[in-house]
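Summary of structural features
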Amino acid sequence: MQTIVIANGKGGVGKTADSAHIGFHASEEGLKTLIADLDTGNLSKTMRGHRLELPASVLFQDDVPVIPEARGPLSLLHADRLLANVIYMSIDRAVTNFRVNLAEFEKQGFDLCVVDTPASIGIATIAALRCADAVISPVEMEDYSIEGIKDMMRVIIGAKQHNPKLQFLGIVPNRVDRRNPRQVKHLAEVQEAHGKLLAPVVVGLRTSVADALAAGEPVWKSKKTTARAAAAEMRALGDHVLQRMGVAQ
């Protein structure tokens, strides 16, 4: 089983939307996919129809979880209150438990695990990065988010020192409003300054994505004409992830 972490130390940059669509895309491509929501629960609301009836906190528990049989190609470990206790764990214990418990899902035949992380670089995120095969980082085209790129890269480099297999799949310019001159300018600046670090995908700011998430489905299932561009972008993001991770069917 391959594991990808969606990470950024800032909130509101679109991690949840990207996590959901990577998961939807992977499952439709024939991969038995596990989604782990380590964040505040927004992803769990979107993916509620795919709950495995196990909370995400089982990934950090000392006892190996008993995993119920998945009912379909896509399964969710939902966010729960016990995730708040992870901050009291030592990083070594968190990493060890996460690795051991994640391996139990691999034994159940899962091909891919997508991990949505909190809007902070805490123990949960660091543990996930130290156990993952890949990481991708969505960034909004606003000053506070762009300024965090260097901090996020330092976190990823630090994780790679403990986890040499960790592959960086790029920065994803996310929620880009092309009608906003400031954001268009920022996008050009980021492409100029960090071109080699960027994923080959730009995800626009589109209400159709939020509508689809609220409905618990990927944006490409929306019948709205306005969803076509968003669907193409999210499909491209999913393709990029699966191809780079070597799990594309």
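Above this text sits the structure in question.
What you see is a predicted model; the values in this text were computed from it and never measured. (Residues numbered from 1 in each chain as written. Predicted model: local features only at pLDDT ≥ 70, side-chain atom pairs only at ≥ 80, totals over all residues. Heavy atoms only, no water.)

**Some points on the overall build of the protein chain**
A count of helical and extended segments in the protein chain gives nine helices and seven strands. Rg of the C-alpha trace for the protein chain: 17 Å, near the compact-globule value of 18 Å for 249 residues, within the 12% margin. Taking all 249 residues of the protein chain together, 56% fall into the buried category. Surface summary for the protein chain: the accessible area is close to 11300 Å², and the carbon and sulfur share equals 51%. The distance from the centre of the 29 positive side-chain charges to the centre of the 28 negative ones in the protein chain is 3 Å. (Helix = DSSP H or I, 4+ residues; strand = E, 2+ residues; numbered from the N terminus. Rg over C-alpha atoms; globule rule 2.2 N^0.38 Å. Buried < 20%, exposed > 50% of the residue type's maximum accessible area, 1.4 Å probe, protein only. Areas by Shrake-Rupley, 256 points an atom, 1.4 Å probe, with all protein chains shown as cover. Lys, Arg positive; Asp, Glu negative; His and termini not counted. Charge placed at Lys NZ, Arg CZ, Asp CG, Glu CD.)

**Points about the sheet that holds strand β6 (residues 134-140)**
Strand order across the open sheet formed by seven strands is β3-β4-β2-β5-β1-β6-β7, with parallel pairing between neighbours. Here the strands that pair on one side only, and so sit at the sheet edges, are β3 (51-55) and β7 (167-174). In this sheet, neighbouring strand axes are inclined to one another by 20° on average, regardless of whether the strands run parallel or antiparallel. Two strands pair when backbone bridges link them, and β3 and strand β4 (residues 74-78) are joined in this way by two bridges, in the parallel orientation. If you follow Arg51 over to β4, its bridge partner there is Leu76. (Pairing = 2+ DSSP bridges. Axes fitted to C-alpha atoms, helices over the stretch in contact; angles between N-to-C directions.)

**Some remarks on the packing of helix α1 (residues 15-28) against helix α9 (residues 227-245)**
Taken N-terminus to C-terminus, the directions of α1 and α9 make an angle of 70°; their axes are 9 Å apart at the nearest point. Judged on the interaxial angle alone, α9 and α1 are roughly perpendicular. Here α1 and α9 pass one another in a crossing that is right-handed. Contact with α1, carried on its side by Ala17, Asp18, His21, Ile22, His25, Ala26 and Glu28, involves Met234, Arg235, Leu237, Gly238, Asp239, Val241 and Leu242 of α9 and no other residues of that element. Classifying every residue of the contact of α1 with α9 by side-chain character gives seven nonpolar, three polar and four charged. (Parallel < 35°, antiparallel > 145°, perpendicular 65-115°, else oblique. Left-handed = near helix turned anticlockwise from the far one by under 90°. Contact = heavy atoms within 4.5 Å. Nonpolar A, V, L, I, M, F, W, Y, C, P; charged D, E, K, R; others polar.)

**Here's the deal with the state of the cysteines**
For the coordinates displayed, the defined rule picks out zero disulfides. You can see Cys113 has no disulfide; the closest cysteine sulfur is in Cys131, sitting 10 Å from it. A relative accessible area of 0% places Cys113 in the buried class. (Disulfide = S-S within 2.5 Å.)

**A look at helix α7 (residues 181-194)**
Look at α7: 20 Å from first C-alpha to last across 14 residues, which is about the 20 Å you get at 1.5 Å a residue. Restricting attention to buried positions, one finds in α7 the residues Gln183, His186, Leu187, Val190 and His194. For α7, the arc enclosing every buried residue in end-on projection is 105°, short of the 170-degree limit, so these residues lie on one face. Of the exposed residues in α7, those oriented more than 90 degrees away from the buried face are Pro181 and Glu192. A distance of 2.9 Å separates the backbone nitrogen of Arg182 from a side-chain oxygen at the start of α7, and that oxygen is part of Asn180. (Expected span 1.5 Å × (residues − 1). Arc of directions from axis to C-beta. Polar contact = N/O pair within 3.5 Å; in protein donor to acceptor, adjacent residues only side chain to side chain.)

Any link to function would need more than the numbers given here.
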